[in-house]
Amino acid sequence: MSDVLLFKDIDEPGLNTLAVYEARGGYASLRKALEMTPAQVLEQLESSGLRGRGGAGFQMGKKVSFLPQGSMDKYLVCNADESEPGTFKDRELMQKTPHTLIEGIVIASYAAGAQRSFIYIRGEYVLQADVLDAALAEAREAGYVGEAILGSDHSLSLVVHRGAGAYICGEETGLLDSLEGKRGNPRLKPPFPANQGLYQGPTLINNVETLSTVPSIVAMGGENYAKLGTETSTGTKLVSISGHVQRPGNYEIELGIPSREIIYGLAGGPPQGSEIKCWFPGGSSAPVLTADDLDVPYDFDSLAKAGSMLGSGAIIVVDDSTPIVDLALKVAKFYRHESCGKCTPCREGTNWTVKMLERIDSGEATPMDLDIMASVQDHIIGNCLCVLGDAMAMPIGSMIAKFREEFEAHIEAARAHQELALAGGGG
Amino acid sequence: MAEVPRLPNAPRAAGWDRPADLGKDPALIPDPASTPVPQELRETIEELMARYPERHSAAIPALHAAQELHGWCSPEAIEQVACVMGVTPAYLDSVASFYDMLEQQPVGRHSVYVCTNISCSLRGADALLEAVVQAAGDDADFNVRAFECLGACDIAPMASVDGVYVGPLELADVPQLLEDARSGRPVLPHKQLATRLVADPHANSQEFAPHAPEEGRP
């Protein structure tokens with residue numbers, strides 16, 4: 001593919017060091033940005049149409065423009081808590097080309113007028129945090145981070161903050177609480193972080209991939225970047241593909257290519273002799289699609305129209321050897337474990353869903369339980385402070401809707417098995 | 001296998017089953033004069049606090065540091081961090097009990113987190129976990145845990161051994177994995193994530209079958 005921005009030279013040995021990164025043209029975008037006014041940089045971000053790569057897909061330029069003007073303590077937080085099941089693209093970027101992220105953060109902070117920034121990286125990413133720390137030390141030494149960056153009047157402090165293992169800290173307000181040293185419970189919104197975020201100050205929160213794209217946008221110009229991809233999903237995107245495919249891994253694609261091309265073309269499709277049963281197009285929180293949806297273009301709006309979402313860009317492929325009940329149980333258990341417990345619909349809903357799925361598996365359920373389970377999902381969606389509950393309800397709801405026959409067959413089979421065991425156990 | 005004590009329907013309310021001694025007053029901020037804190041730990045925490053506009057932000061990194069020293073977030077460890085940070089032990093307890101990587105009870109020195117989330121389980125993670133639990137047996141040196149998605153589905157099934165990602169793992173790798181961890185050698189060097197390439201199509205073309213023989217990768 002010709003349009004490789006994020007993965008350019010990605011396997012070049014030593015790209016994580018300043019010397020190699022600079023030799024490859026690194027930090028040229030920062031120099032270019034600092035010659036512009038912050039408003040001009042913001043204009044580039046807005047005209048690029050770049051949408052957030054973390055999951056929500058909100059326009060980055062707009063997000064920056066929501067920050068209040070004027071001199072006050074503003075913050076930029078990079079969300080590197082990548083914990084959506086199936087997602088591992090940010091890990092690759094931070095490990096292989098940490099300076100791209102740092103450069104992106106400095107440029108974005110300049111546009112947003114933020115003087116303090118943090119990278120909140122999940123605690124499990126030990127290697128990546130070490131790489132970032134080393135890169136940051138080099139960048140500080142070279143004057144790319146710190147006071148009066150490259151002789152301009154922009155100053156920025158940057159701290160790599162390691163989390164300690166909690167999915168909910170990828171939710172932006174949960175992340176802020178965690179960064180403030182508390183339990184990572186999401187906050188009531190509004191106020192949104194752009195107005196009251198970290199330490200009650202205006203805060204811009206962006207994903208690693210989003211911020212890592214910023215140097216490319218400044219280099220090529222927002223309008224040129226917008227020529228890539230589709231009209232409403234511009235640019236390139238990293239796709240993490242895993243599960244039942246022959247070549248799992250990270251691939252950079254231009255948004256809008258058919259999903260089939262990613263799953264079969266790049267990742268080689270499911271192993272010989274098996275067929276795709278369903279696939280998550282955007283992490284385990286996305287409603288599942290089936291083999292019938294393989295020709296849906298891989299971009300934000302097409303996937304939304306197909307009833308799912310692009311999310312974090314993590315495709316998980318499940319082949320026909322996997323029982324749907326097992327898959328649903330795995331998904332539901334994850335969200336039960338990760339629910340922070342603050343909102344009742346999520347805390348109880350995830351728990352009851354797991355219990356009902358276990359009942360199906362143990363032969364104690366009736367087909368009516370499927371309707372109850374579906375209604376539990378409906379009662380979670382939209383009724384919590386954050387979308388963790390929704391993130392379970394959407395895929396589970398879609399599985400019940402699309403594979404109802406298999407659920408019913410499973411209920412019958414498990415019940416017959418149970419009765420047989422009881423009859424046999426008596427004798 | 002170590003289990004985090006949790007209320008069955010409130011996943012992150014660890015410690016709910018610990019009885020409270022109602023006859024006791026709540027613990028106050030520990031008195032520096034009567035709380036011995038190792039000098040090194042004190043300096044680390046003070047340095048951490050200085051990084052943030054608000055000292056409370058250092059809670060997680062400080063607890064990490066104390067855990068490294070004490071092996072887990074013991075009452076003594078919490079007390080020492082509370083003393084340096086100028087917060088109550090209860091505050092730190094509330095933080096420590098929220099996060100999976102902060103240990104609430106004594107654990108083995110070597111952590112083996114086996115990812116059992118969707119992508120890894122589709123490729124045999126449950127059998128892998130079983131094998132690691134079996135092989136580690138009741139060796140007190142190991143803290144074997146099933147972990148939620150560790151963000152390395154490209155090398156599924158995988159595990160994080162003392163923070164080092166290795167995969168794709170086969171059942172036959174398990175004895176070597178534990179032996180390497182026990183003796184402090186690099187764990188399965190040829191299977192470490194750090195050596196994996198991205199853009200090279202061959203880097204991603206491992207045989208699909210979870211237990212297929214490993215091709216000689218660097």
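Rules of the game
- Residues numbered from 1 in each chain as written.
- Chains lettered and ligands numbered in written order.
- Predicted model: local features only at pLDDT ≥ 70, side-chain atom pairs only at ≥ 80, totals over all residues.
- Heavy atoms only, no water.
- Helix = DSSP H or I, 4+ residues; strand = E, 2+ residues; numbered from the N terminus.
- Buried < 20%, exposed > 50% of the residue type's maximum accessible area, 1.4 Å probe, protein only.
- Contact = heavy atoms within 4.5 Å.
- Areas by Shrake-Rupley, 256 points an atom, 1.4 Å probe, with all protein chains shown as cover.
- Buried area = accessible area lost by both parts, 1.4 Å probe.
- Salt bridge = Lys/Arg side-chain N within 4 Å of Asp/Glu carboxyl O.
- Nonpolar A, V, L, I, M, F, W, Y, C, P; charged D, E, K, R; others polar.
- Axes fitted to C-alpha atoms, helices over the stretch in contact; angles between N-to-C directions.
- Parallel < 35°, antiparallel > 145°, perpendicular 65-115°, else oblique.
- Left-handed = near helix turned anticlockwise from the far one by under 90°.
- Expected span 1.5 Å × (residues − 1).
- Polar contact = N/O pair within 3.5 Å; in protein donor to acceptor, adjacent residues only side chain to side chain.
- Pairing = 2+ DSSP bridges.

## Quick word on the overall build of chain B
Part 1 of the reasoning: Within chain B, the secondary structure is distributed over 7 helices and 4 strands.
Part 2 of the reasoning: Every one of the 218 residues in chain B was classed for burial, and the buried ones make up 52%.
Part 3 of the reasoning: Contacts in chain B between residues at least 24 apart in sequence constitute 62% of all its contacts with a sequence separation of at least 6.
Part 4 of the reasoning: Carbon and sulfur atoms make up 56% of the accessible area of chain B, which amounts to about 9700 Å² in all.

## Focus: the interface of chain B and chain A
Part 1 of the reasoning: Chain B puts 56 residues into the contact, and the matching count from chain A is 73 residues.
Part 2 of the reasoning: Of the roughly 4800 Å² buried between chain B and chain A, counting both surfaces, carbon and sulfur atoms make up 57%.
Part 3 of the reasoning: Where chain B packs against chain A, one counts 2 salt bridges.
Part 4 of the reasoning: The closest approach of N and O atoms between D126(B) and K330(A), which form a salt bridge, is 3.1 Å.
Part 5 of the reasoning: Where the side of chain B that touches chain A is concerned, the elements lending two or more residues are α2 (59-70), α4 (89-96) and α5 (118-122) of chain B.
Part 6 of the reasoning: Split by residue class, the side of chain B that touches chain A holds 30 nonpolar, 15 polar and 11 charged.

## Structural notes on the packing of helix α13 (residues 324-338) of chain A against helix α14 (residues 344-362) of chain A
Between two packed helices, both the angle of their axes relative to each other and the distance between the axes serve to describe the pair.
Residues and elements named next belong to chain A.
Part 1 of the reasoning: As a packed pair, α13 and α14 sit with axes 9 Å apart at the nearest point and diverge in direction by 155°. One finds that α13 runs roughly antiparallel with respect to α14. Our pair here, α13 against α14, has a crossing hand that is left-handed. Along the contact surface, α13 presents V325, D326, A328, L329, A332, K333, Y335 and R336, while α14 presents T350, N351, T353, V354, L357, E358, I360 and D361.
Part 2 of the reasoning: Of the residues contributing to the contact of α13 with α14, the split by class is 8 nonpolar, 3 polar and 5 charged.

## So, helix α6 (residues 98-112) of chain A
All names here are of chain A.
Part 1 of the reasoning: For α6, which comprises 15 residues, the first-to-last C-alpha distance of 21 Å matches the rise-based estimate of 21 Å (1.5 Å per residue) to within 8%.
Part 2 of the reasoning: Buried residues dominate α6, accounting for 15 of its 15 residues.
Part 3 of the reasoning: Taken from the residues just after α6, G113 is the one with a positive phi, measuring 75°.

## Describing the side chain of R187(A)
Residues and elements named next belong to chain A.
Part 1 of the reasoning: Inspection of the secondary structure puts R187 in the loop between α8 (172-179) and β4 (203-207).
Part 2 of the reasoning: On the basis of relative accessibility, which here comes to 15%, the residue R187 falls in the buried class.
Part 3 of the reasoning: A polar contact is formed between the side chain of R187 and the backbone oxygen of G197, at a distance of 3.1 Å.
Part 4 of the reasoning: Those residues in contact with R187, other than ones at most four positions away along the chain, are T173, L176, D177, E180, Q196, G197, K342 and L385.

## Let's talk about the sheet that holds strand β3 (residues 157-162) of chain A
Residue and element names in this part refer to chain A.
Part 1 of the reasoning: With respect to topology, 4 strands assemble into an open sheet ordered β3-β2-β1-β4, the strand pairing being parallel. Only two strands of the sheet have a single neighbouring strand rather than two, namely β3 and β4. Neighbour-to-neighbour, the strand axes of this sheet turn through a mean angle of 20°, independent of strand direction.
Part 2 of the reasoning: Relative to β4, strand β1 (residues 75-80) runs parallel, the two being bridged by 5 bridges. For L76, the partnering residue across the bridge sits in β4 and is L204.
Part 3 of the reasoning: On top of the sheet, α6 reaches β1, β2 (116-121), β3 and β4; it is set at about 145° to β1, its chief contact.

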